[in-house]
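These are the residues of each chain, in order.
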Amino acid sequence: MVLQMGSPAPSIKVEDWLRGEPLATFQRGKVYIVEFRATWCELRAAEMLELMQLQEKYKYSGLEIVGIAADEDVPTAVEARTKLDAWLAEKCPDLNHRIAFDFTGEMKKLWREPSFCVGVPTSFVVDRDGCIAFIGHPSQLGEVLPKVLNGSWRTSNKAKAADQQRIATSEPLARGQALKKPIDDRFWAAVKLEDWKTALWAIEEGIALMPDDLNFRLAHAHLLLQKMQDMWTGLPAMRQLARDAIDKNSEDWMVSALDQLFHPANDHSRLPPAERFAMGKELSEHILALNPPPGDSPKFRSYPAVARYYHENGNNDRAIELVELALTSLDGPEPIPAELKEQHLPDLLQALARYRGAKACCGALFAAPQNSFPKVPNRGRPRKKDKKG
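Residues numbered from 1 in each chain as written. Predicted model: local features only at pLDDT ≥ 70, side-chain atom pairs only at ≥ 80, totals over all residues. Heavy atoms only, no water.

The next point concerns the overall build of the chain. Scanning the chain from terminus to terminus reveals 13 helices and eight strands. Relative to its length of 389 residues, the chain is compact, with a C-alpha radius of gyration of 23 Å against a globular reference of 21 Å. Each principal axis of the C-alpha atoms in the chain carries an extent, and together these give about 70 × 50 × 45 Å. Within the chain, the proportion of its 389 residues that are buried is 49%. Within the chain, contacts between residues separated by at least 24 positions form 66% of all contacts whose residues are at least 6 apart in sequence. For the chain, the exposed area adds up to about 19,000 Å²; of that, 53% sits on carbon and sulfur atoms. Mean positive and mean negative side-chain charge positions of the chain (51 and 53 charges, respectively) differ by 2 Å. (Helix = DSSP H or I, 4+ residues; strand = E, 2+ residues; numbered from the N terminus. Rg over C-alpha atoms; globule rule 2.2 N^0.38 Å. Buried < 20%, exposed > 50% of the residue type's maximum accessible area, 1.4 Å probe, protein only. Contact = heavy atoms within 4.5 Å. Areas by Shrake-Rupley, 256 points an atom, 1.4 Å probe, with all protein chains shown as cover. Lys, Arg positive; Asp, Glu negative; His and termini not counted. Charge placed at Lys NZ, Arg CZ, Asp CG, Glu CD.)

Right, let's get into the pairing of strand β4 (residues 98-101). Burial of β4 is two-sided: the residues R98 and A100 facing one way and the residues I99 and F101 facing the other way are all buried. In this sheet, β4 lies alongside strand β1 (residues 16-19) in antiparallel orientation, the contact comprising three bridges. Considered in β4, the bridge of D16 is made with F101. Pairing of strand β3 (residues 63-69) with β4, which is carried by four bridges, proceeds in the parallel orientation. Among the inter-strand pairings, A69 is bridged to a residue of β4, identified as F101. (Pairing = 2+ DSSP bridges.)

This part takes up the sheet that holds strand β2 (residues 31-37). The six strands are arranged β1-β4-β3-β2-β5-β6 in an open sheet whose pairing can be described as mixed. Whereas interior strands pair on both sides, the edge strands pair on one side only; in this sheet they are β1 and β6 (132-136). Taken over all neighbouring pairs, the strand axes of this sheet differ in orientation by 20° on average, direction set aside. Of the strand pairs in this sheet, β2 and β3 are connected by seven bridges, and their pairing is parallel. Bridging from a neighbouring strand, R37 pairs with A69 of β3. The strands touched by helix α2 (residues 77-91) are β1, β3 and β4; relative to β1, the strand with the most contacts, the crossing angle is about 20°. (Axes fitted to C-alpha atoms, helices over the stretch in contact; angles between N-to-C directions.)

On to the state of the cysteines, then. Counted according to the given criterion, the structure contains zero disulfides. Just so you know, C131 is unpaired, no disulfide at all, and the nearest cysteine sulfur is the one on C117, 17 Å from it. The thiol of C362 is unpaired, and the distance to the nearest cysteine sulfur, on C361, comes to 8.8 Å. (Disulfide = S-S within 2.5 Å.)

L258, L283, V323 and L327 are the most contacted members of the largest nonpolar core, which totals 48 residues. Contributions of two or more residues to this core are made by α7 (214-227), α8 (231-248), α9 (251-262), α10 (273-290), α11 (303-312), α12 (316-329) and α13 (338-356). Apart from the residues lying within four places of it in its own chain, the contact partners of L327 are L345, L348, L349 and L352. The next biggest cluster of nonpolar side chains, apart from the first, holds 23 residues, and it includes V34, I68, W111 and I135. (Core = buried A, V, L, I, M, F, W, Y, C linked by side-chain atoms within 4.5 Å.)

Moving on to the pairing of β2. The buried fraction of β2 amounts to seven of the seven residues, a majority that puts the element mostly inside the structure. Across five bridges, the pairing between β2 and strand β5 (residues 122-126) is antiparallel. Paired with I33 across the two strands is V125, which belongs to β5.

With that out of the way, let us pick up the packing of aromatic side chains. Counted under the stated rule, the structure contains 11 aromatic pairs. Judged by centre distance (6.2 Å) and plane angle (70°), the rings of F26 and W111 are edge-to-face. Residue F26 is located in the loop between β1 and β2, and its partner W111 is located in helix α3 (residues 106-112); the two are separated by 85 residues in the primary sequence. With a relative accessible area of 0%, W111 lands in the buried category. For the pair F101 and F103, a centre-to-centre distance of 6.4 Å together with 25° between the ring planes defines the contact as stacked. On the basis of relative accessibility, which here comes to 4%, the residue F101 falls in the buried class. Its end group placed over the ring of W253, K248 keeps NZ or CZ at 4.8 Å from the ring centre. Of note, R276 hangs over the ring of F277, and the distance from its end group to the ring centre comes to 5.2 Å. (Phe/Tyr/Trp six-rings, centres within 6.5 Å; stacked < 30°, edge-to-face > 60°. Lys NZ or Arg CZ within 6 Å of the ring centre and 35° of its normal.)

Take the environment of N291 next. Here N291 shows up in the loop between α10 and α11. With 40 residues separating them along the chain, N291 and E251 place their C-alpha atoms 8.2 Å apart. Of the polar contacts made by the side chain of N291, one reaches the side chain of E251; its length is 3.1 Å. Engagement of the side chain of N291 in a polar contact is seen with the side chain of K299, the distance being 3.3 Å. (Polar contact = N/O pair within 3.5 Å; in protein donor to acceptor, adjacent residues only side chain to side chain.)

The phi torsion of most residues other than glycine is negative, and most of the peptide bonds are trans. The peptide bond linking V120 to P121 adopts the cis configuration, its omega dihedral lying at 5°. Along the chain, the position of P121 falls in the loop between α3 and β5.

What follows concerns the packing of α8 against α10. Two numbers describe how α8 lies on α10: the axes approach to 10 Å, and their chain directions differ by 15°. By the angle between their axes, α8 is roughly parallel relative to α10. Handedness of the crossing formed by α8 with α10: left-handed. Residues L235, M238, R239, A242, R243, A245 and I246 of α8 lie in contact with α10, whose contacting residues are E275, M279, E282, L283 and H286. A class-by-class count of the residues in the contact of α8 with α10 yields seven nonpolar, one polar and four charged. (Parallel < 35°, antiparallel > 145°, perpendicular 65-115°, else oblique. Left-handed = near helix turned anticlockwise from the far one by under 90°. Nonpolar A, V, L, I, M, F, W, Y, C, P; charged D, E, K, R; others polar.)

All quantities given are derived from atomic positions and should not be read as evidence of function.
What follows is the structure in structure tokens.
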């Protein structure tokens, strides 16, 4: 059965409550926000602060917020709980709402799968009669919540249209994710055993099923070039990845291809240098055309990859210029959340110091030149699961 606006709210079945008193049932007359979240989501602390502000603002209107921690990317429940406790203690010492913990997948089966929710964070709003009033990203709560509280949201044409659009968009993604899961499970089981042939068979099955899935394509190139060192098969796969990235005119695809070719954590010694640099040149030029230096679009995700190409190609001044532009974009016309800035700033400063051969500073932070490199980012290697943050 599809879980949508107007559906009775499912029950809450969790292993434990990390913060606040357990919630057995939804009380009639109250409004609840049930939010699924994870510590790996880039904007998690900022969104937690916004939820705390909503709880404080509407606590006398009958609002109660319940956070569901059910998506930690760690092997065991003990590790997940330890990680969550530490994160909450550091980031949210004054938390004013409940946090529930579930590692079994029960809440996913009850809430997210029937509603076609494919990522986190996702907010469900339960209205005063115990029915679902809203499903969506927490950034929409500022507009939606007051209307749920006064009873006008569910009957509005805007709410009905929004829920229909959500289902139309999310259902194909959710069904695709369900198709991918058994392939992902086989792939990661093989990776754990370093059984690269079995991992490759799983990924090739995935590509046959979903040829435009970036994760499968990245895993394919990474396995062949880095793990199996099969240049005979891997080089054509890399060529096709680069060509498809350019044809799609997708910044994410193009940066992912550049990471395969130029990220220093990868071994490029077996790739033909002329062809490697030719692909890098074409990918870099297309990224800069899509996201040009004079524009206001964020550059902190894509420009470091382009800078690596120019640095290796001998144009160190251009590499420095691109990293400086990436740093500037952290404080662009639409400043990014502080936590996201903190995540990218150290790597950008380290790249700048490496290219300059001198210390690089930004406020109180600084980096000195060194020869160690960060791990390949998620976009440059196979990912365990689809996430949004």
